[in-house]
Amino acid sequence: MVWLLDLPDEVVIRILSHLPVHDLLDCASTCHRLYDLAYSPELWRGFCLTLQIHPRTVKDRGGDAYRDSLIQAIQTLSTRIKGSITSLVWIVPPGFLPALCAILENNTFSMKMLHINDDSIKPTEFCSLLPQLERIENLSLVACSGVEDSVLEILSTFPQLKDFDLSYCSKISDEAFRSFSESCCQRLESVNTDNVNMLTDWSITSLLLRHHESLRHLNIDGENNTDSIFDFIPECTNLETLIVNFGEQLTDRALQLSSRLRNLKRVCFRKANNFTSTGVGNFLYSCDLSRLSSLNLTECASFDDSCAVLIPGQCPNLTHLSLGWCWETTELGVSAIMEGCGLLEEVDLTGLHQITGQCFQSVPVHSPRLRLLRLEMCNNVQDDILLHLVRAMPGQLHVYNYYSELLYFDPRPHGDSL
């Protein structure tokens, strides 16, 4: 038997590189050799540090004592590998702010990407953390309740900021976002304001006017937006991703204006109840969707078979499709999609009560790449049809039935299904 410490340093470092950060730091505390190897510059150079700790992990490993020891280990790490971390993903329970401060302080000039999902950081703490990160290009502050208008004022001065995710930061005001959009130093390429529901046409229009030449990815909440913002969407000629959630105020005019875009790869109009089947059909027919890989029309109640039959011909590269709660869609429309879209990998048909499951018979032949099929609340689809389907695609296809139960067939001798 060969023990870990019997192996050469380069082999041990390779093994350590596959460990989660908190486990790696635990290893460093076991002996002098692993301590030295765990903090080896070779292991951390140009490193994307992902620290994702579940609150249960802290509790199971000793609570506050474990948290304090982990904070100390991270502070030591940030000093030992100063200037090596280029990206940081920070998803931790409350109480780890000292460790975050140490990492940012020691990697001010190397840090290019920062993702924080920490609801415990206060606005004043954000305002003291962020000014030292002027070289950040990609910043994600998902569900951080401490992100308020004062934080946006600081971020508007960042000269290299290109990608920006504010999703679920619900305290951002319309006026502050408009001011940020107009004064931002760099032309933004990616903006996500999903569930930032105070933003109106006023601020979104300012964003589009200021950054239309550079924008490639746009994800907006949509709750307070109307067709007016789509007057400026066609000017975003490089736009690849267009996502509008809660588009309940949008009409077919928004679709008509969006159809002028020519580089779309991902489109989502969710809960756009005022769209008509004619409007959706015209969009699918007239828009250049040859590059489209993802289409989400969840809760667009007017979507029907006349729209569905257009998808195979207009979206030849489609891999992800969501038509949840598009009630008017029947076996005819779904059959056309499953038989004509040979690259499909994930399909969500939640709530389609008119389908029986016969439309999936051709899936193994015509959609051989399919690996996920969601059929929750499809009350007319029987499990025996779905079990036959997963057995025809063993080890690959996962199907969720009416009750959200996973149907899956593992062909190995001791494999499981359902």
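Everything numeric here is computed off the predicted structure, so don't read it as measured data. (Residues numbered from 1 in each chain as written. Predicted model: local features only at pLDDT ≥ 70, side-chain atom pairs only at ≥ 80, totals over all residues. Heavy atoms only, no water.)

J.: Can you walk me through the overall build of the chain in this structure?
T.: In terms of helices and strands, the chain carries 18 helices and 15 strands. Dimensions of the chain along its principal axes, counting C-alpha atoms only, are 65 × 60 × 35 Å. Partitioning the contacts of the chain with sequence separation of at least 6, the portion at a separation of at least 24 is 73%. Carbon and sulfur atoms provide 50% of the accessible area of the chain, an area that totals close to 18,700 Å². If you average the places of the 31 positive and of the 52 negative side-chain charges in the chain, the two averages end up 6 Å apart. (Helix = DSSP H or I, 4+ residues; strand = E, 2+ residues; numbered from the N terminus. Contact = heavy atoms within 4.5 Å. Areas by Shrake-Rupley, 256 points an atom, 1.4 Å probe, with all protein chains shown as cover. Lys, Arg positive; Asp, Glu negative; His and termini not counted. Charge placed at Lys NZ, Arg CZ, Asp CG, Glu CD.)

J.: What is the right way to read the packing of helix α6 (residues 64-80) against helix α7 (residues 97-106) from this model?
T.: The geometry of a pair of packed helices is captured by two quantities: the angle between their axes and the separation between those axes. Remark: α6 packs on α7, axes separated minimally by 9 Å, with the N-to-C direction vectors making an angle of 0 degrees. Accordingly, the angle class assigned to the pair α6 and α7 is roughly parallel. Mapping the contact onto sequence places Ile71, Ile74, Gln75, Ser78 and Thr79 in α6 and Pro98, Ala99, Ala102, Ile103 and Asn106 in α7. (Axes fitted to C-alpha atoms, helices over the stretch in contact; angles between N-to-C directions. Parallel < 35°, antiparallel > 145°, perpendicular 65-115°, else oblique.)

J.: Please explain the layout of surface pockets as it appears in this structure.
T.: Left-over empty space is what a probe sized like a water molecule reveals as it rolls over the atoms. Estimates place the volume of the largest pocket at around 210 Å³. Arg266, Ser294, Asn296, His320 and Ser322 are, among the 15 residues lining the largest pocket, the residues nearest its centre. Sorting the residues of the lining of the largest pocket by element identifies β9 (266-269), β10 (294-296), β11 (320-322), β12 (346-348) and β13 (372-374) as the ones contributing at least two each. The residue makeup of the lining of the largest pocket, split by class, is five nonpolar, five polar and five charged. (1 Å grid on protein atoms, 1.4 Å probe; cavity = no way out; pocket = protein on both sides within 12 Å on 5 of 7 lines; lining within 4 Å. Points joined across faces, edges and corners; volume = space filled by probe spheres on them. Nonpolar A, V, L, I, M, F, W, Y, C, P; charged D, E, K, R; others polar.)

J.: Just to check I follow, could you spell out the nonpolar core for this structure?
T.: Where a protein is soluble and globular, its nonpolar side chains tend to be buried together. In this structure, Phe269 and Phe360 are the most contacted members of the largest nonpolar core, which totals 129 residues. By residue number, the principal contributor to this core is α6, which donates six residues. Aside from chain neighbours lying at most four places away, what touches Phe269 is Phe230, Leu242, Val244, Leu250, Leu255, Ser258, Phe275, Asn296, Leu297, Thr298 and Cys300. (Core = buried A, V, L, I, M, F, W, Y, C linked by side-chain atoms within 4.5 Å. Buried < 20%, exposed > 50% of the residue type's maximum accessible area, 1.4 Å probe, protein only.)

J.: Just to check I follow, could you spell out the pairing of strand β7 (residues 217-220) for this structure?
T.: Two faces make up the sheet, and in a regular strand the side chains alternate between them. Bridge count between strand β6 (residues 190-193) and β7: four bridges; the pairing is parallel. In the strand pairing of β7, Thr193 is matched with Ile220. A crossover connection joins β6 to the parallel β7 through helix α11 (residues 201-211); in handedness this β-α-β unit is right-handed. Note: β7 against strand β8 (residues 241-244), four bridges, orientation parallel. Bridging across to β8, Ile220 finds its partner in Val244. (Pairing = 2+ DSSP bridges. Right-handed = clockwise from strand over helix to strand, strands pointing away.)

J.: Please clarify how the pattern of salt bridges should be interpreted in this entry.
T.: When charged atoms on two side chains of opposite charge get close, those side chains can pair. Inspection of every chain in the model, using the stated rule, returns 17 salt bridges. Across the pair Glu148 and Lys171 runs a salt bridge, and its minimum N-O distance is 3.8 Å. Taken as a pair, Glu148 in the loop between β4 (138-140) and α9 (149-155) and Lys171 in the loop between β5 (163-165) and α10 (174-183) lie far apart in primary sequence, 23 residues in all. Note that Arg371 and Glu346 form a salt bridge whose closest N and O atoms lie 2.8 Å from each other. Remark: Glu346 occurs in strand β12 and Arg371 occurs in the loop between α17 (363-366) and β13; sequence separation between them is 25 residues. Residues joined in a network through salt bridges with shared partners are Glu189, Arg216, Glu240 and Lys265. (Salt bridge = Lys/Arg side-chain N within 4 Å of Asp/Glu carboxyl O.)

J.: Got a minute to help me understand the environment of Tyr285 in this structure?
T.: Mapped onto the elements of the fold, Tyr285 is located in helix α13 (residues 277-286). Taking the relative accessible area as the measure of exposure, Tyr285 reaches 61% and is therefore exposed. Along the primary structure Tyr285 and Ile311 are separated by 26 residues, whereas in three dimensions their C-alpha atoms are 8.6 Å apart.

J.: Hey, could you run me through the side chain of Glu240 in this one?
T.: For Glu240, the location among the structural elements is in the loop between β7 and β8. The exposure class assigned to Glu240 is buried, which follows from its relative accessible area of 15%. Excluding residues within four positions of it along the chain, Glu240 makes contact with Arg216, His217, Asn263, Leu264, Lys265 and Arg266.

J.: Honestly, the state of the cysteines in this entry has me stumped. Any pointers?
T.: Put plainly, two cysteines are in a disulfide when a covalent bond ties their sulfur atoms together. All chains considered together, the criterion is met by zero disulfides. In this structure Cys31 is not part of a disulfide, and its nearest cysteine sulfur, from Cys27, lies 8.9 Å away. Classification of Cys31 as partly exposed rests on a relative accessible area of 26%. For Cys127, which is in no disulfide, the shortest distance to another cysteine sulfur is to Cys144 and amounts to 13 Å. (Disulfide = S-S within 2.5 Å.)

J.: What is the right way to read the pairing of strand β2 (residues 85-91) from this model?
T.: The buried fraction of β2 is high, at five of seven residues. Direction of pairing for β2 relative to strand β3 (residues 113-116): parallel, over a ladder of four bridges. Bridge pairing in β3 places Trp90 opposite Ile116. Handedness of the crossover joining β2 and β3 through α7 is recorded here as right-handed.

J.: What's the story with the packing of aromatic side chains in this structure? I'm lost.
T.: Two descriptors summarise a pair of aromatic rings, namely the distance from one centre to the other and the angle between the planes of the rings. Applying the stated criterion across every chain yields a total of eight aromatic pairs. For the pair Phe164 and Phe180, a centre-to-centre distance of 4.9 Å together with 40 degrees between the ring planes defines the contact as tilted. With Phe164 in strand β5 and Phe180 in helix α10, the pair connects residues that are 16 residues apart, well separated along the chain. We classify Phe180 as buried; its relative accessible area is 2%. Taking 6.2 Å as the distance between ring centres and 40 degrees as the angle between the ring planes, the aromatic pair formed by Phe230 and Phe269 counts as tilted. (Phe/Tyr/Trp six-rings, centres within 6.5 Å; stacked < 30°, edge-to-face > 60°.)

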